[in-house]
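A structural walkthrough
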Amino acid sequence: MKTALPKLLLALPLVAACAALAAQETTTDAGYGKTRQQAIEVCKPDGQRAYLARLVCPDQSHPKFERQGSVGPRNDLPKDLPQEQMMQRLLGDRFAPLAEGATDHHMIDAYGVQCGKTNHTLYLDLYHCHTPAPDTAPEGFTILR
């Protein structure tokens, strides 16, 4: 009596590879996460670290990352904005959802991300707690779901 076990064992690596590919997604937008205007939207510092921990380098390793600091608002404030309005936009209820059509002036953090000997800078906006964590990755990376 023949058994299907040898064929099944041969198929396991293929099944595992397909499952791994299904767990990863990339983005087609070349600027995603690579400029402050196209910052990756996450929730709080823990969300920044959790997102970066899910990234996968081109060689399938996980990158090393370190916060480099704040790089200013996502979008420049109008030059003629009175001081009081400027402070309100920068320091108001930063975790509230943006109003429909409102310009995002959240402060953006830069992270140094290292894949082997290659260094990248990624930009993250930690004030988007009203949306799910993103399942897309910057160009050149994949992300675990």
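Before any of the text, the structure's been laid out above.
Thresholds applied
Residues numbered from 1 in each chain as written. Predicted model: local features only at pLDDT ≥ 70, side-chain atom pairs only at ≥ 80, totals over all residues. Heavy atoms only, no water. Helix = DSSP H or I, 4+ residues; strand = E, 2+ residues; numbered from the N terminus. Buried < 20%, exposed > 50% of the residue type's maximum accessible area, 1.4 Å probe, protein only. Contact = heavy atoms within 4.5 Å. Disulfide = S-S within 2.5 Å. Phe/Tyr/Trp six-rings, centres within 6.5 Å; stacked < 30°, edge-to-face > 60°.

With that settled, consider the overall build of the protein. Per the secondary structure count, the protein includes three helices and seven strands. Ordered by position from the N terminus, the helices and strands of the protein form the series α-β-β-α-β-β-α-β-β-β. Put simply, the protein has 145 residues, and 33% of those count as buried. At a minimum sequence separation of 6, the contacts of the protein that also span at least 24 residues come to 73%.

Per the stated rule, a full pass over the model turns up two disulfides. Covalently, C43 is tied to C129 through a disulfide, its sulfur atoms 2.0 Å apart. Taking the sign of the S-S torsion, 90° for the link of C43 and C129, the bridge is right-handed. On the criterion of sequence distance, the pair formed by C43 in the loop between β2 (40-41) and α2 (44-54) and C129 in the loop between β6 (118-125) and β7 (142-144) is long-range, its members being 86 residues apart. Two residues, C57 and C115, share a disulfide whose sulfurs are 2.1 Å apart. On the S-S bond that ties C57 to C115, the torsion sits near -80°, and the link is left-handed. Of this pair, C57 sits in the loop between β3 (55-56) and β4 (64-73) while C115 sits in strand β5 (residues 107-115); the two residues are 58 residues apart in sequence, bridging distant segments of the chain. Judged by its relative accessible area of 8%, C115 falls in the buried class.

In total, this model carries one aromatic pair according to the counting rule given. Seen in terms of ring centroids, F65 and Y111 are 6.3 Å apart; in terms of plane orientation they differ by 65°. Their pairing is edge-to-face. Here F65, found in strand β4, pairs with Y111, found in strand β5; they are 46 residues apart in sequence, far enough to count as distant.

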